[in-house]
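Descriptive structure summary
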Amino acid sequence: MKLQEEINKSEGFGNLDHLANQIVEGFISGMHKSPFHGFSAEFAEHKIYNNGESTKHIDWKLYAKTDKLYTKRYEEETNLRCHVIIDNSSSMHYPKLKQQSLKEYNKIGFAALATASLMKLLKKQRDAMGLSIYSEEYEYYLPEKGSERHFQLLLHQLEETLKTIPQQRKTETYTYLHQIAEKVKRRSLIFLFTDMFQSNEDEQRLFEALRHLKYNKHELVLFHTFDQEKEVNFNFDEAPKRFTDVETGEVIPLYAENVKEAYQKEVKDYMLHLAQMCLQYRIKYVPVDIHKNLNNILTTYLIERQKFK
């Protein structure tokens, strides 16, 4: 999927930057009377210029009228650092698609689009962003910065991540979360996109790693990313199926209807358990169906930003 080329088309996943901008602008215009004061770093007031200060924000038009130097002050300056973490294991590439588009994309496609949209909001808020991507190895790391060149590097990496579909690539998430925690030194707002597929014996180690991410007073948001129709509701037709574990290659032949009720109960209990564990460890848990719009992601960022002091 070539993200930088497709978005100007009437259909297709396309130019990620342009698409993310459309999503964000639509989101902002739909907010109307927003509770998020100072959004988009709106101009607030003037203050008298003092010798030695930067001349970057001097209001020269006001100087022409008053013959005095004033600088502009803004509601929001760069005061937040955000680090996005994306799970790139094989299960995040479900459902398997020949080509991703706006009509149909999988979990990793959703995570990439959501991240690009967050980048647009971060730029509007003059905030800095970093990115980590992991699977069976720590694939990519870029620290938090706010320059235009930096955002283009992040956008390019999101494109690269979507080019290759990993085969039977599982991951020990907790291993890489510990490594990321060691890299993100300064207090940040951390967003983690993952489908939370791991074996039961790894759960305690996973939450120990999540606690590590909160060690330096970071705020952590877990976006539990899934396909509601298939992975939660288990809606398949009545024909016999061969279900393949994309991370191990194990194949299980069965009729979906025979296990649907028990499966739904297990998944419901598991998600409730995750929510309770996150509450216990003071991690914000946000379940995300990839077939819903991105407003929940963007609203979460704005709410957490307001709380981040």
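Analysis parameters
- Residues numbered from 1 in each chain as written.
- Predicted model: local features only at pLDDT ≥ 70, side-chain atom pairs only at ≥ 80, totals over all residues.
- Heavy atoms only, no water.
- Helix = DSSP H or I, 4+ residues; strand = E, 2+ residues; numbered from the N terminus.
- Buried < 20%, exposed > 50% of the residue type's maximum accessible area, 1.4 Å probe, protein only.
- Areas by Shrake-Rupley, 256 points an atom, 1.4 Å probe, with all protein chains shown as cover.
- Salt bridge = Lys/Arg side-chain N within 4 Å of Asp/Glu carboxyl O.
- Core = buried A, V, L, I, M, F, W, Y, C linked by side-chain atoms within 4.5 Å.
- Contact = heavy atoms within 4.5 Å.
- Pairing = 2+ DSSP bridges.
- Axes fitted to C-alpha atoms, helices over the stretch in contact; angles between N-to-C directions.
- Parallel < 35°, antiparallel > 145°, perpendicular 65-115°, else oblique.
- Nonpolar A, V, L, I, M, F, W, Y, C, P; charged D, E, K, R; others polar.
- Arc of directions from axis to C-beta.
- Polar contact = N/O pair within 3.5 Å; in protein donor to acceptor, adjacent residues only side chain to side chain.
- Phe/Tyr/Trp six-rings, centres within 6.5 Å; stacked < 30°, edge-to-face > 60°.
- Lys NZ or Arg CZ within 6 Å of the ring centre and 35° of its normal.

- An unreviewed UniProt entry annotates the protein as DUF58 domain-containing protein originating from Mesonia ostreae.

Quick word on the overall build of the protein
- A count of helices and strands for the protein gives 10 helices and 10 strands.
- Counting over 309 residues, the protein shows a buried share of 47%.
- With the model as given, the accessible surface of the protein reaches about 16,700 Å², and the carbon-plus-sulfur share is 48%.

A closer look at the pattern of salt bridges
- In this structure the tally under the stated criterion is 10 salt bridges.
- Arg-81 is paired through a salt bridge with Glu-144; the nearest N and O atoms lie 2.9 Å apart. With Arg-81 in strand β3 (residues 81-87) and Glu-144 in strand β5 (residues 138-145), this pair connects stretches of sequence that are 63 residues apart.
- In this structure, the salt-bridge partner of Glu-304 is Lys-307, at a minimum N-O distance of 3.2 Å. Taken together, the residues Glu-304 and Lys-307, both in helix α10 (residues 295-307) and three residues apart, mark about one turn of the helix.
- Taking the relative accessible area as the measure of exposure, Glu-304 reaches 4% and is therefore buried.
- Residues joined in a network through salt bridges with shared partners are Lys-107, Asp-195 and Glu-231.

A closer look at the nonpolar core
- Val-84, Phe-191, Phe-193, Ile-297 and Tyr-301 are the most contacted members of the largest nonpolar core, which totals 45 residues.
- Broken down by element, this core gets its largest block of residues, 11 residues, from helix α4 (residues 107-124).
- Those residues within four positions of Phe-191 in sequence are excluded, and the remaining contacts are Cys-82, His-83, Val-84, Ile-85, Leu-118, Val-221, Phe-223 and Tyr-301.
- Residues Leu-192, Phe-207, Val-232 and Leu-274 belong to the second largest nonpolar core, which totals 29 residues.

A word on the sheet that holds strand β4 (residues 128-134)
- Across the sheet, which stays open at both edges, the six strands sit in the order β5-β4-β3-β6-β7-β10 with mixed pairing between neighbours. Either end of the sheet is taken by a strand with one partner, and the two such strands are β5 and β10 (284-289). Along the sheet, successive strands turn relative to each other by an average axial angle of 15°, direction set aside.
- Where strand β7 (residues 219-226) lies against β10, six bridges are found, and the strand directions are parallel.

Side note on the packing of α4 against helix α5 (residues 148-163)
- The N-to-C vectors of α4 and α5 enclose an angle of 175°; their axes lie 10 Å apart at closest approach. For the element pair α4 / α5, the angle class is roughly antiparallel. Each of Ile-108, Gly-109, Ala-112, Thr-115, Ala-116, Met-119, Leu-122 and Lys-123 in α4 lies in contact with α5, whose residues at this interface are Glu-148, Phe-151, Leu-154, Leu-155, Leu-158, Thr-161 and Leu-162.
- Split by residue class, the contact of α4 with α5 holds 10 nonpolar, three polar and two charged.

Some remarks on helix α6 (residues 173-183)
- Listed in full, the buried residues belonging to α6 are Thr-173, Tyr-174, Tyr-176, Leu-177, Ile-180 and Ala-181. Considered in projection along α6, the buried side chains sweep an arc of 160° and stay on one side of the axis.
- As for α6, its buried residues are in contact with β3, β4, β5, β6 (189-194) and α7 (203-213).

So, the side chain of Ser-132
- Position of Ser-132 among the secondary structure elements: in strand β4.
- Within the structure, the side chain of Ser-132 is placed 2.8 Å from the side chain of His-83, a separation counted as a polar contact.
- Setting aside residues up to four positions removed in sequence, Ser-132 forms contacts with His-83, Val-84, Ile-85, Ile-86, Tyr-138, Tyr-140, Tyr-141 and Ile-180.

Observations regarding the packing of aromatic side chains
- For the structure on display, the rule yields 11 aromatic pairs.
- When the centroid spacing of 5.1 Å and the interplanar angle of 85° are considered together, the rings of Phe-236 and Phe-243 count as edge-to-face.
- Here a set of aromatic residues connected by ring pairs shows up, and it is made of Phe-234, Phe-236, Phe-243 and Tyr-263.
- Against the face of Tyr-141 rests Lys-183, its NZ or CZ located 4.7 Å from the ring centre.
- When the ring centre of Phe-236 is taken as reference, the NZ or CZ atom of Lys-230 above it lies at 4.6 Å.

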